[in-house]
Amino acid sequence: DTGVSQNPRHKITKRGQNVTFRCDPISEHNRLYWYRQTLGQGPEFLTYFQNEAQLEKSRLLSDRFSAERPKGSFSTLEIQRTEQGDSAMYLCASSLAYGATGELFFGEGSRLTVL
Amino acid sequence: AQSVTQPDIHITVSEGASLELRCNYSYGATPYLFWYVQSPGQGLQLLLKYFSGDTLVQGIKGFEAEFKRSQSSFNLRKPSVHWSDAAEYFCAVVKTLSGGYNKLIFGAGTRLAVHP
């Protein structure tokens, strides 16, 4: 068990550029979540996958954001035409699908800075 | 709608002192509640969780929390704080979505500083 892995850990980009983050969940976990955390705030839910199916998307996920989990394993979160307001920590979490009590295991996050 | 309030944005305690971090939730049914800790630049680590049964739950690193339905609270406590406990602490409640799966709703967090 190597835990949830996220890459890159830090990304600095200029406004208008596209960025992509990758998340590798714990291998046997079929649920995968993306959260966004801004300074001084708790994590906010962005989207959820069960296996390869994206089952829930937050209103926070504008049309510039897209997430995929093509084979039900790793996931990518792409932000197109980045804006300064996109600067945040993007957290990935995974869990086993056994009801509402499943613990979420978080990665260390990918910090995005948009200049 | 489910929500979590952590009234204290920042708390400072002396090493060795006791600690209580407050958490209030809003939820219609019996909530599933969690406390997570986040060290600077790190992801979130689960401290403890409450699903049902005994309202006093024990967690890792010497933390405990007590579920009080009458007060809609799930406060985190530690009898003697260590300098390594300095971090940000998040309370969270599970929201079950229409497909039967769930997501966590987090509070804004409490940042703990520990004086030597």
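Residues numbered from 1 in each chain as written. Chains lettered and ligands numbered in written order. Predicted model: local features only at pLDDT ≥ 70, side-chain atom pairs only at ≥ 80, totals over all residues. Heavy atoms only, no water.

### Quick word on the overall build of chain B
Then, number 1: The secondary structure content of chain B amounts to zero helices and twelve strands.
Then, number 2: Each helix (α) and strand (β) of chain B, taken in turn from the N terminus, gives the series β-β-β-β-β-β-β-β-β-β-β-β.
Then, number 3: Against the 2.2 N^0.38 benchmark of 13 Å for 116 residues, chain B shows a C-alpha radius of gyration of 14 Å, consistent with a compact globule.
Then, number 4: Of all 116 residues assigned to chain B, the portion counted as buried reaches 46%.
Then, number 5: Across chain B, every contact between residues at least 6 apart in sequence was considered, and the portion connecting residues at least 24 apart equals 52%. (Helix = DSSP H or I, 4+ residues; strand = E, 2+ residues; numbered from the N terminus. Rg over C-alpha atoms; globule rule 2.2 N^0.38 Å. Buried < 20%, exposed > 50% of the residue type's maximum accessible area, 1.4 Å probe, protein only. Contact = heavy atoms within 4.5 Å.)

### Digging into the packing of aromatic side chains
Then, number 1: Under the counting rule described, the total for this entry stands at 18 aromatic pairs over all chains.
Then, number 2: Ring centres 5.8 Å apart and planes at 70° place the aromatic pair Phe34 of chain B and Phe51 of chain B in the edge-to-face group. Of the two residues, Phe34 of chain B is situated in strand 5 (residues 33–38) and Phe51 of chain B in the loop between strand 6 (44–50) and strand 7 (56–58); the sequence distance between them amounts to 17 residues.
Then, number 3: Following the ring pairs from residue to residue traces out a cluster consisting of Tyr33, Tyr35, Phe45, Tyr48 and Phe106 of chain A together with Tyr32, Phe34, Tyr36, Phe51, Phe90 and Phe106 of chain B. (Phe/Tyr/Trp six-rings, centres within 6.5 Å; stacked < 30°, edge-to-face > 60°.)

### What to know about the nonpolar core
Residue and element names in this part refer to chain B.
Then, number 1: Counting 26 residues, the largest nonpolar core has Leu19, Trp35, Leu47, Leu48, Phe74, Leu76 and Tyr89 as its most contacted members.
Then, number 2: If you list the elements that add at least two residues to this core, you get strand 2 (10–14), strand 3 (19–21), strand 5, strand 6, strand 8 (64–68), strand 9 (73–78), strand 10 (87–96) and strand 12 (110–115).
Then, number 3: Looking at this core element by element, the count peaks at four residues for strand 10.
Then, number 4: For Leu76, the residues in contact, after removing those within four places along its chain, are Leu19, Glu20, Leu21, Trp35, Leu47, Leu48, Phe63, Glu64, Ala65 and Tyr89. (Core = buried A, V, L, I, M, F, W, Y, C linked by side-chain atoms within 4.5 Å.)

### A few points about the interface of chain A and chain B
By a widespread convention, an interface's size corresponds to the accessible area lost as its parts come together.
Then, number 1: Facing 23 residues of chain A, the contacting portion of chain B comprises 23 residues.
Then, number 2: Taking both sides of the interface into account, the surface hidden between chain A and chain B amounts to around 1900 Å²; carbon and sulfur atoms contribute 55%.
Then, number 3: Along the contact surface separating chain A from chain B lie zero salt bridges.
Then, number 4: Where chain A packs against chain B, one counts three residue pairs in polar contact (both at pLDDT 80 or more). (Buried area = accessible area lost by both parts, 1.4 Å probe. Salt bridge = Lys/Arg side-chain N within 4 Å of Asp/Glu carboxyl O. Polar contact = N/O pair within 3.5 Å; in protein donor to acceptor, adjacent residues only side chain to side chain.)

### Quick notes on the sheet that holds strand 8 (residues 75–79) of chain A
All names here are of chain A.
Then, number 1: With antiparallel pairing, four strands are arranged side by side in an open sheet as 1-3-8-7. Looking at strand neighbours, the two that pair on one side only are strand 1 (5–7) and strand 7 (65–68), the edges of this open sheet. Strand-to-strand twist in this sheet, taken as the mean axis angle between neighbours without regard to direction, amounts to 15°.
Then, number 2: Strand direction decides the pairing type here: strand 3 (residues 19–24) and strand 8, joined by five bridges, are antiparallel. Directly across from Phe21, in strand 8, lies its bridge partner Leu77. (Pairing = 2+ DSSP bridges. Axes fitted to C-alpha atoms, helices over the stretch in contact; angles between N-to-C directions.)

### Focus on the pairing of strand 8 of chain B
Moving residue by residue along a regular strand, the side chains alternate between the two faces of the sheet.
Residues and elements named next belong to chain B.
Then, number 1: The side-chain alternation of strand 8 yields one buried face, formed by Ala65 and Phe67, and one unburied face, formed by Glu64, Glu66 and Lys68.
Then, number 2: For strand 7 and strand 8, the ladder comprises three bridges, and the chain directions are antiparallel. Note that in strand 8 the partner of Val57 across the bridge is Ala65.
Then, number 3: Hairpin connection from strand 7 to strand 8: five residues lie between these consecutive antiparallel strands, with Lys61 at a positive phi of about 60°.
Then, number 4: The hairpin turn running from strand 8 into strand 9, its antiparallel successor, is four residues long, and Ser72 in that turn takes a positive phi close to 50°.

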